[in-house]
Amino acid sequence: MEPNATNRSEGERMIINMGPSHPVTHGTLHIVLELEGEFIVKATPNIGYLHRGVEKLGENLTYQQFIPLTDRLNYCSSLMNNVGYTLAVEKLLGIQDPPRSQVLRVLCSELARIGDHLVCVGINAVDIGAFTAFLYLFRERETIYDLFEMMAGQRLHSSFTRIGGLFRDIPPEFEPLCGQFLESCPRTLDEMERLLTHNPIWADRTKGVGSIAPADAVSWGYTGPCLRAAGVPQDLRKAQPYLGYETYEFDIPVGTTGDIYDRYLVRTEEMRQSLRIVRQCLDRLREIGPGPVIVDDYKIALPPKEKVYTRMESLIHHFKLIMHGIEMPVGEVYGATEAANGELGFYIVSHGGKSPYRIHVRPPCFPIFNSFDEQVRGRIIADAVAVLGGMNVIAGELDR
Amino acid sequence: MVIERIEAQLPGAVLDRHDFRGDATAVVAGPRFLEVVDFVFQEGFQLLLDVTAVDLETREPRFDVVYHLLNLASQERLRIKVPVAEGTAQPSLTGRFKSADWAEREVFDLFGIPFAGHPGLTRLLMWEDFPGHPLRKDFPLDGGDLFCSQDIGASFAPDARSLNI
Amino acid sequence: MGGIHLDDSVMTTRLDAVINWSRKNSLWPLPFGTACCAIEFMSMMASRYDFSRFGAEALRFSPRQSDMLLVLGTITNKQAPVLRQIYAQMAEPKWVVSVGVCASSGGMYRTYATLQGIDRVIPVDVYVPGCPPRPETMIYGVMELQKKITREALSARKEHIERFYRSLERQEERARAGGLSPQQAVREMLLEAGGQGDQQIW
């Protein structure tokens, strides 16, 4: 019997679970899809499968002890979370880190941004079926891991920043490897673009899928590459600069329709712009020359070990910082940075104690994933997979 | 500054204000809240970044519901705080900002503050029949799980699995 | 007559040795990836560390088609019944590798929401510590599992899997009797066990 009008309207709805254990849901997400045939009638995301209680745990830890917890929020670009959090705490304290530390923070933020976009585009491609791009991109990500390991001692969760600056300065081997990375990464991006950008299969699967109008994107609370792909040129690095971003030369790619293809193009171009910033950072480090990477106030930053072992005063400062934490002023701040996914905000309420009274993380992908239903309604299941990949939902920051 | 304009347009709505570290903050009385939001929406604050809450257990009213807004045209930020007593419902902003949907559900889940007019106010991060609201100050960090906070339970050595050889 | 000799085509060995040899060299993983350890797992599958050398290239995301459950990342209390269900659906022989400290013991998250170690809810064979463990560490963990598989006896049924299925029945009974969601049933079983000093509910 042929499908006719009455057949379609009496269609039976089928409910399918996507997740929480599913290859395509990165991290652990659960989406309940109501389908009529292959068409999605309603998609209800069900989150919280990675809710670890980070905000409540933060109320029992000191400000410095919270830094490793921030690493594990957006685990693809851990360093940006560290930078965002310590900037918020430094805003609360009313201090600024030294110039060399600012340049290094920009450098590692941009490397982390490149890393995050590599994972996002790679995984988006794998879900749609383009496995090769993932392998090429992960080779570059291994070089970024080597750079992070050199800087901070750990590949993925580096906890590199401290309140008032950084953990330590970069070793001399860093610059040559970073220079090598700046040569090889554009070539890998070119290879990836040769595989994907003009590929008719890729265009078929991603063009027109998940489009969103600028006014809708703003109403949904979008920030970051998804908002820029929709046509709104909002980037905190240009709009409300921090860490000296206004002194670097870079451009912001802005899309038109907000569909997955535009998001992919925005992310690729952002990677190239980040490489530009990294090159400028390396030049600037040479100009600034050696210097302190953490603020010189022993009421905020730990004194160096040689002084702790030889001077009484430094020993007392060390003791006070570890046992009693930093003396925080009473007040509340909201510190926001442009993370790889959008605006990562930290809302910290301090009542003067060694732990924050309340700490809240504003994850960039939370409102973006909220709009999932509207984005996939009326489309087929395969498009749901593509849209999920394009949104770059990282469960660590979504659920905290 | 936007808070001055709010005070000029809606006198008596702003109970308190401060500018700590450059963050413009206005404490708004519950009944005038929707008027203030309408006014700032017209002023250009059309991106609702976040809705969250703070539990001040000894103060009456107990909670502060905190809204962060961003004006894309002028790049100004605004924080609106509304003191809410325990059990009182706060009006939902889902009619005006779509991003309020999950943000308010999260506040309901973790603090127990209901939002009147929300299309589907259910728990978001915890499971449906989870007892209690975790981020309240009287909820213990370990959730009552002795194994979590104390070192009890067998160590792994005597419990190592036999290999059936 | 001609050139067929018996020792060209016949080999004497124990059945256990042959079967264990084939099992350990073709471990098909089910990557139950929740958090950051899954990213290190992705690195392990990529070209530099190349996990497919261990016969594990076929990533089957279905429990029915895999034999090694790699738990990668934090398992929360909301996820615990899901993990139990996935483990129950796997066919024997099956092994569990708990990758990372969050899966092994709850990691740094000693909170109301995080399961303090997956061995509270399912049996575990190998624990790989690290936050996240380097890909080499994970490969070492799988090699330890291979050594463990070599020592296994074919005939003996694993008693811990039986205990697990009985605990799953108890969980379902409790959920039915109390009208509870599976998460709440598992949580109550955990709290009871913790109160009596028991680490496991299976």
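Each remark here, short or long, concerns the structure printed above.
Residues numbered from 1 in each chain as written. Chains lettered and ligands numbered in written order. Predicted model: local features only at pLDDT ≥ 70, side-chain atom pairs only at ≥ 80, totals over all residues. Heavy atoms only, no water.

Caption draft 1: Local environment of the sheet that holds strand S7 (residues 342-350) of chain A. Residues and elements named next belong to chain A. Read from one edge of the open sheet, 3 strands run S6-S7-S8, paired in antiparallel fashion. Of all the strands in the sheet, the pair left with one neighbour each is strand S6 (331-339) and strand S8 (358-362). The mean inter-strand angle of the sheet, taken between neighbouring strand axes irrespective of direction, is 10°. Alignment of S7 against S8, held across 5 bridges, turns out to be antiparallel. Within S8, the residue paired with tyrosine 347 across the bridge is histidine 360. (Pairing = 2+ DSSP bridges. Helix = DSSP H or I, 4+ residues; strand = E, 2+ residues; numbered from the N terminus. Axes fitted to C-alpha atoms, helices over the stretch in contact; angles between N-to-C directions.)

Caption draft 2: Expanded view of the interface of chain B and chain A. Facing the 44 residues of chain B at the interface are 48 residues of chain A. Carbon and sulfur atoms make up 56% of the surface buried where chain B meets chain A, a total of about 3,800 Å² over both sides. At the surface where chain B touches chain A, the tally comes to 8 salt bridges. We note a salt bridge from lysine 98 of chain B to glutamate 374 of chain A, for which the minimum N-O separation is 3.2 Å. Counting the contacts that link chain B with chain A gives 27 residue pairs in polar contact (both at pLDDT 80 or more). Of all the secondary structure elements, the ones that give two or more residues to the side of chain B that touches chain A are strand S3 (47-55), strand S4 (63-71), strand S5 (76-84) and helix H3 (100-111) of chain B. (Contact = heavy atoms within 4.5 Å. Buried area = accessible area lost by both parts, 1.4 Å probe. Salt bridge = Lys/Arg side-chain N within 4 Å of Asp/Glu carboxyl O. Polar contact = N/O pair within 3.5 Å; in protein donor to acceptor, adjacent residues only side chain to side chain.)

Caption draft 3: Summary view of H3 of chain B. Residue and element names in this part refer to chain B. Relative to the 16 Å expected for 12 residues at 1.5 Å per residue, H3 spans 16 Å between its end C-alpha atoms, a close match to the ideal helical length. Of all 12 residues in H3, 11 are buried, a share of seventy percent or more. The complete set of buried residues in H3 reads Ala100, Trp102, Ala103, Glu104, Arg105, Glu106, Val107, Phe108, Asp109, Leu110 and Phe111. Looking one or two residues past H3, glycine 112 carries a phi angle of roughly 85°, positive in sign. (Expected span 1.5 Å × (residues − 1). Buried < 20%, exposed > 50% of the residue type's maximum accessible area, 1.4 Å probe, protein only.)

Caption draft 4: Structural detail: the pattern of salt bridges. On inspection of all chains with the given rule, the structure shows 56 salt bridges over all chains. Put simply, arginine 276 of chain A and glutamate 249 of chain A hold a salt bridge, and the shortest N to O gap is 3.9 Å. Placement of the pair is arginine 276 of chain A in helix H12 (residues 260-288) and glutamate 249 of chain A in the loop between helix H11 (236-239) and H12, with a sequence separation of 27 residues. A relative accessible area of 56% means that glutamate 249 of chain A is categorised as exposed. Residues joined in a network through salt bridges with shared partners are Lys91 and Glu332 of chain A together with Asp23, Arg59, Asp64, Arg79 and Lys81 of chain B.

Caption draft 5: Expanded view of helix H4 (residues 78-93) of chain A. Residue and element names in this part refer to chain A. With 16 residues, H4 extends 23 Å from end C-alpha to end C-alpha; this agrees with the ideal 22 Å at 1.5 Å per step. Among the 16 residues that make up H4, 15 are buried, leaving the element largely enclosed by the rest of the structure. Glycine 94, located one to two residues past H4, shows a positive phi value of around 80°.

Caption draft 6: Structural detail: the packing of aromatic side chains. Applying the stated criterion across every chain, the model contains 21 aromatic pairs over all chains. Ring centres of phenylalanine 131 of chain A and phenylalanine 134 of chain A lie 5.7 Å apart, and the angle between their planes is 35°; on these two criteria the pair is classed as tilted. Here phenylalanine 131 of chain A pairs with phenylalanine 134 of chain A, and both are found in helix H6 (residues 131-152), just 3 residues apart, close to one helical turn. One aromatic cluster in this structure is built from Tyr242, Tyr245, Tyr248 and Phe250 of chain A. Just above the ring of tyrosine 261 of chain A sits the side chain of lysine 207 of chain A; from NZ or CZ to the centre is 4.7 Å. Positioned above the aromatic ring of tyrosine 49 of chain A, the side-chain terminus of lysine 78 of chain C is 5.0 Å from the ring centre. (Phe/Tyr/Trp six-rings, centres within 6.5 Å; stacked < 30°, edge-to-face > 60°. Lys NZ or Arg CZ within 6 Å of the ring centre and 35° of its normal.)

Caption draft 7: Layout of the packing of helix H5 (residues 99-128) of chain A against helix H7 (residues 174-196) of chain A. Residue and element names in this part refer to chain A. As a packed pair, H5 and H7 sit with axes 13 Å apart at the nearest point and diverge in direction by 25°. Considering their axes alone, H5 and H7 lie roughly parallel with respect to each other. For the pair H5 and H7, the crossing hand works out as left-handed. On H7, the residues that touch Leu107, Leu111, Ile114, Leu118, Val121 and Ala125 of H5 are Phe174, Phe181, Cys185, Leu189, Met192 and Leu196. When the residues that make up the contact of H5 with H7 are grouped by side-chain class, the tally is 12 nonpolar, no polar and no charged. (Parallel < 35°, antiparallel > 145°, perpendicular 65-115°, else oblique. Left-handed = near helix turned anticlockwise from the far one by under 90°. Nonpolar A, V, L, I, M, F, W, Y, C, P; charged D, E, K, R; others polar.)

Caption draft 8: Examining the side chain of serine 314 of chain A more closely. Residues and elements named next belong to chain A. With respect to the helices, strands and loops of the structure, serine 314 is situated in helix H14 (residues 312-324). Judged by relative accessible area, serine 314 falls into the buried class, the value being 3%. When residues no more than four places from it in sequence are discounted, the contact partners of serine 314 are Pro303, Lys307 and Val308.

Caption draft 9: Broad picture of the pairing of S6 of chain A. Residue and element names in this part refer to chain A. With 8 of its 9 residues buried, S6 lies for the most part within the structure. In this sheet, S7 lies alongside S6 in antiparallel orientation, the contact comprising 9 bridges. Considered in S7, the bridge of tyrosine 334 is made with tyrosine 347. The loop that links S6 with its antiparallel partner S7 comprises 2 residues.

Caption draft 10: A look at the sheet that holds S4 of chain B. All names here are of chain B. Spatially, S1-S2-S5-S4-S3 is the arrangement adopted by the 5 strands of the open sheet, whose pairing is mixed. The sheet terminates laterally at strand S1 (14-18) and S3, the two strands that pair on one side only. The average angle at which neighbouring strand axes cross in this sheet is 20°, direction not considered. As paired elements, S1 and strand S2 (residues 25-28) share 4 bridges and run antiparallel to each other. Bridge assignment links histidine 18 to a residue of S2, and that residue is threonine 25. Contacting S1, S2 and S5, helix H1 (residues 2-9) crosses the sheet at an angle of about 165° to S1. Helix H2 (residues 33-43) rests against S2, S4 and S5 of the sheet, and its axis sits at about 175° to S5.

Caption draft 11: Just unusual backbone geometry, in detail. The omega torsion across glutamate 60 of chain B and proline 61 of chain B is 5°, close enough to zero to call that bond cis. Take proline 61 of chain B: it is sitting in the loop between S3 and S4. Here the amide bond leading from glutamate 92 of chain C into proline 93 of chain C is cis, since omega sits at 0°, within 30 degrees of zero. Within the secondary structure, proline 93 of chain C sits in the loop between helix H4 (80-89) and strand S3 (95-99). Even without glycine at this site, asparagine 392 of chain A takes up a positive phi of about 55°. Mapping asparagine 392 of chain A onto the fold places it in the loop between helix H17 (381-391) and helix H18 (395-399). The phi dihedral of glutamine 75 of chain B is positive, around 55°, even though this residue is not glycine. Its place among the elements puts glutamine 75 of chain B in the loop between S4 and S5.

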